[in-house]
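The residues making up each chain are set out below.
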Amino acid sequence: MLHIGTAGVPLSTESRDTLAGIAQVRKLGLDAMELEFVRQVYVKHDKDALEICEHAKREKVALSIHAPYFINLNSPDKQTLEESRRRIISCAHVGHIAGARNVVIHSAFYMKMDKEEAYRRIKGQYALLRKELIDKGYDSIILRPELMGKPSQFGDVDALVRLCSEVEGVLPCIDFAHYVALHNGEKNGYDAFCEVMDKVEMLGKEALKDMHIHFSGIEYGDKGERSHLVLDEKPHNNKPIIQWRDMVKAWKDYKIGGIAISESPNIEGDAIKVKKYYDSL
Ligand SMILES: [Zn+2]
């Protein structure tokens, strides 16, 4: 089963509150919401996480977590590495209690480092994280390094699939808009999206049944991602828009399951649009 929903509390929600957001997601006919801890892990108390868990179960809304942006698992600075891991572990702590199994992570910047060297360092950090999750009893949490939209960032499909095959408890977050942007529009459309699915399938058939996806429109150029757009909004520089119907067709044809999150500026509008099209196929 594929759950489709919003990155954060829907815009149409009366209060900016997480519990109200979950109820609104259900009201809109959606069934997933990502908790956006991108600036900070705003759920501070275990009792709040537990309340979110119970509420989401009642509303049958699947939850996931987006970890803070201030993470760089390839930093040369030891303290930054430690703080990055600490932020991810605190997301895992909330996720463990709130029933949000997937923690999405912007892993790292290449810092102009040799790619193989960066890979080795980043993999080392994920292995440390995995060990810490097991020690804390959070081993059901899946770390989800995100497919990133700029060549300066770690996380093209190949690097992610390699990482996920080498470290237990790590699976990719496939951001289709980033995929289009990273390849400057050369990967866009049904075949290009199937290529991604084939690579995810290299992690085992079950990886297709347990996908985590981000989608939106996107503006991009030579250096990759510039900004997220509404799905059908044409980029200002006249680059082709993301072929999102092909993306949804590929999901359907590969019979995927998991969670797909709209990161469009019109979060719920585009989530509903994608869900309607998905259900119509
Ligand atoms: Zn992200």
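Look a little higher up for the structure.
In this report, we go over the structure that sits alongside the text.

1. Things to note about the nonpolar core
- Core analysis: the largest hydrophobic core is formed by 83 residues, its most contacted members being Ile 65, Ala 67, Val 103 and Phe 176.
- Not counting chain neighbours up to four residues away, the residues in contact with Ile 65 comprise Glu 34, Leu 35, Phe 37, Cys 91, Val 94, Gly 95, Ala 100, Asn 102, Val 103 and Val 104.

2. Considering the pairing of strand β3 (residues 62–66)
- Among the five residues that make up β3, five are buried, leaving the element largely enclosed by the rest of the structure.
- Burial along β3 is two-sided: the face carrying Ala 62, Ser 64 and His 66 and the face carrying Leu 63 and Ile 65 are both buried.
- When strand β2 (residues 32–36) meets β3, the two strands line up parallel, connected through five bridges. Paired with Glu 36 across the strands is His 66, a residue of β3.
- Handedness of the β-α-β unit built from β2, helix α2 (residues 46–59) and β3 comes out right-handed.
- Bridge count for β3 against strand β4 (residues 100–105) is three bridges, and the pairing is parallel. Residue pairing in the sheet places Ile 65 in a bridge with Val 103 of β4.

3. As for helix α4 (residues 115–136)
- Compared with the 32 Å implied by 1.5 Å per residue over 22 residues, the 31 Å span of α4 between its first and last C-alpha is a close match.
- Here α4 has its buried residues at Ala 118, Ile 122, Gln 125, Tyr 126, Leu 129 and Leu 133. The arc that holds every buried residue of α4, seen down its axis, measures 100°, which confines them to one face. Turned more than 90 degrees away from the buried face of α4, the exposed residues are Glu 116, Glu 117, Arg 120 and Asp 135.
- On its buried side, α4 packs onto α3 (78–98), β5 (142–145) and α5 (157–166).
- Backbone geometry just after α4 places Gly 137 at a positive phi near 80°.

4. Examining unusual backbone geometry
- Even without a glycine there, the phi angle at Lys 112 is positive, about 60°.
- Inspection of the secondary structure puts Lys 112 in the loop between β4 and α4.
- With a phi close to 50°, Lys 255 is a non-glycine residue in the positive phi region.
- If you trace the backbone, Lys 255 turns up in the loop between α9 (244–253) and β10 (258–262).

5. Some points on the packing of α9 against helix α10 (residues 267–280)
- The N-to-C vectors of α9 and α10 enclose an angle of 50°; their axes lie 10 Å apart at closest approach. By the angle between their axes, α9 is oblique relative to α10. Taken as a pair, α9 and α10 cross one another with a handedness that is right-handed. Here Trp 244, Arg 245, Val 248, Trp 251 and Lys 252 of α9 come into contact with α10, specifically with Val 274, Tyr 277 and Tyr 278.

6. Here's the deal with the environment of Lys 255
- Overall, Lys 255 belongs to the exposed group, with 10 C-beta atoms counted inside 10 Å.
- Placed 46 residues apart in sequence, Lys 255 and Lys 209 show a C-alpha to C-alpha distance of 7.5 Å.

Analysis parameters
Residues numbered from 1 in each chain as written. Predicted model: local features only at pLDDT ≥ 70, side-chain atom pairs only at ≥ 80, totals over all residues. Core = buried A, V, L, I, M, F, W, Y, C linked by C-beta atoms within 7 Å. Buried ≥ 20, exposed ≤ 12 C-beta atoms within 10 Å, placed from the backbone. Contact = placed C-beta atoms within 7 Å. Helix = DSSP H or I, 4+ residues; strand = E, 2+ residues; numbered from the N terminus. Pairing = 2+ DSSP bridges. Right-handed = clockwise from strand over helix to strand, strands pointing away. Expected span 1.5 Å × (residues − 1). Arc of directions from axis to C-beta. Axes fitted to C-alpha atoms, helices over the stretch in contact; angles between N-to-C directions. Parallel < 35°, antiparallel > 145°, perpendicular 65-115°, else oblique. Left-handed = near helix turned anticlockwise from the far one by under 90°.

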